[in-house]
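Reading the structure
One letter stands for each residue in the lines below.
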Amino acid sequence: MPDTSTLCRLGILISGRGSNMLAIAEAIEKGRIQGAEISLVISDQPEAPGLERAAERGLKALTIEKGDGTREEHEQQLLTALSESQVDVVCLAGYMRVLSSYFIDAYRGRILNIHPSLLPAFPGLAAQRQTLDHGAKWTGCTVHFVDEALDGGPIIAQSIVPVLDYDTEETLSARILEQEHVLYPEAVAIVVSGKYEVVGRRVLQTQ
Ligand code: GRF
């Protein structure tokens, strides 16, 4: 049994399906992310299928909707819940809200996101659609630290995926998603290990 007092506590924010959240949970279970546990899953959408999937795995999961309040009020609620669960690192996994400096400052350098393109190409919504519309032949997925720039923080890890003739948004998204489920746990493992340094925009692995 790992010593739970020294585990890095992950908080995962979702808005939908939660398949990346499950990939991280599975990787922890299989020992591919050493020294971490998922302390809390938060969805901003009460109907997110990922909430049920988290609960099925015995993960603590709750909904914090934005409602009529301001973005800062919503982020304050998120921060309170994360701090009550003593979360060290926040993983965005299909979380569909842009975080402000207010939130980012509380976890600066400790927020990760996964994006379904090879950043800096095609940031923002519908990256797979953007890729097809542009006619790119290769794409992939990127895990990066979150800062104020949309999908713009330092890149931790990337995987490449081919765009095939006659791909639709669905077939391309599915091929990328398979890689996301491998890449996100690998990137989380790097961050949890602490064996990296950020030099300018570059995330360098150390021994
Ligand atoms: C993934 O494609 C991820 O790259 C993007 O949103 C999607 C989330 O999927 N940010 P899931 O909720 O993890 O299944």
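So, how was this worked out
Residues numbered from 1 in each chain as written. Predicted model: local features only at pLDDT ≥ 70, side-chain atom pairs only at ≥ 80, totals over all residues. Heavy atoms only, no water. Buried < 20%, exposed > 50% of the residue type's maximum accessible area, 1.4 Å probe, protein only. Helix = DSSP H or I, 4+ residues; strand = E, 2+ residues; numbered from the N terminus. Arc of directions from axis to C-beta. Contact = heavy atoms within 4.5 Å. Expected span 1.5 Å × (residues − 1). Domains from an automatic or database assignment. Buried area = accessible area lost by both parts, 1.4 Å probe. Salt bridge = Lys/Arg side-chain N within 4 Å of Asp/Glu carboxyl O. Near = heavy atom within 4 Å. Polar contact = N/O pair within 3.5 Å; in protein donor to acceptor, adjacent residues only side chain to side chain. Areas by Shrake-Rupley, 256 points an atom, 1.4 Å probe, with all protein chains shown as cover.

Our focus in this paragraph is helix α2 (residues 49-56). Among the residues of α2, those classed as buried are Gly-50, Leu-51 and Ala-54. Projected onto a plane normal to the axis of α2, the buried residues spread over an arc of 105° and lie on a single side. Opposite its buried face, α2 presents the exposed residues Glu-52 and Glu-56, each directed more than 90 degrees away. Residues of α2 that are buried make contact with β1 (8-14), α1 (19-29), β2 (36-43) and β3 (61-63). A positive phi of about 80° marks Gly-58, the residue just after α2.

Here we take up helix α3 (residues 71-84). What sets the pattern is the α-helix's 3.6 residues per turn: residues three or four places apart point alike. Here α3 spans 20 Å end to end across 14 residues, near enough to the 20 Å set by a 1.5 Å rise per residue. For α3, the elements touching its buried residues are β1, β2, β4 (89-92) and α4 (101-106). Remark: Gln-86 follows α3 within two positions and exhibits a positive phi of approximately 50°.

What follows covers the domain arrangement of the protein chain. In many reports, interface size means the accessible area that the parts give up when they come together. According to the domain assignment, the protein chain contains domain 1 (1-108) and domain 2 (113-207). The C-alpha centroid of domain 2 is placed 19 Å from the C-alpha centroid of domain 1. A buried area of about 1,500 Å², summed over both sides, lies between domain 1 and domain 2, and 68% of it is on carbon and sulfur atoms. For the pair domain 1 and domain 2, the interface holds one salt bridge.

This part covers the site of the ligand. Every residue near the ligand is listed here: Arg-17, Gly-18, Ser-19, Asn-20, Gly-94, Ile-114, His-115, Pro-116 and Glu-180. Contacts to the ligand include Gly-18, whose backbone N or O atom sits 2.8 Å from an oxygen atom. Glu-180 is positioned such that a nitrogen or oxygen atom in its side chain is 2.8 Å from an oxygen atom of the ligand. Protein chains shield 86% of the accessible area of the ligand, which is 370 Å² for the free molecule. When residues of the shell around the ligand are traced back to their parent elements, those giving at least two are α1 and β5 (111-115). In this structure, the shell around the ligand is formed jointly by two domains, domain 1 (1-108) and domain 2 (113-207), each of which donates at least three residues.

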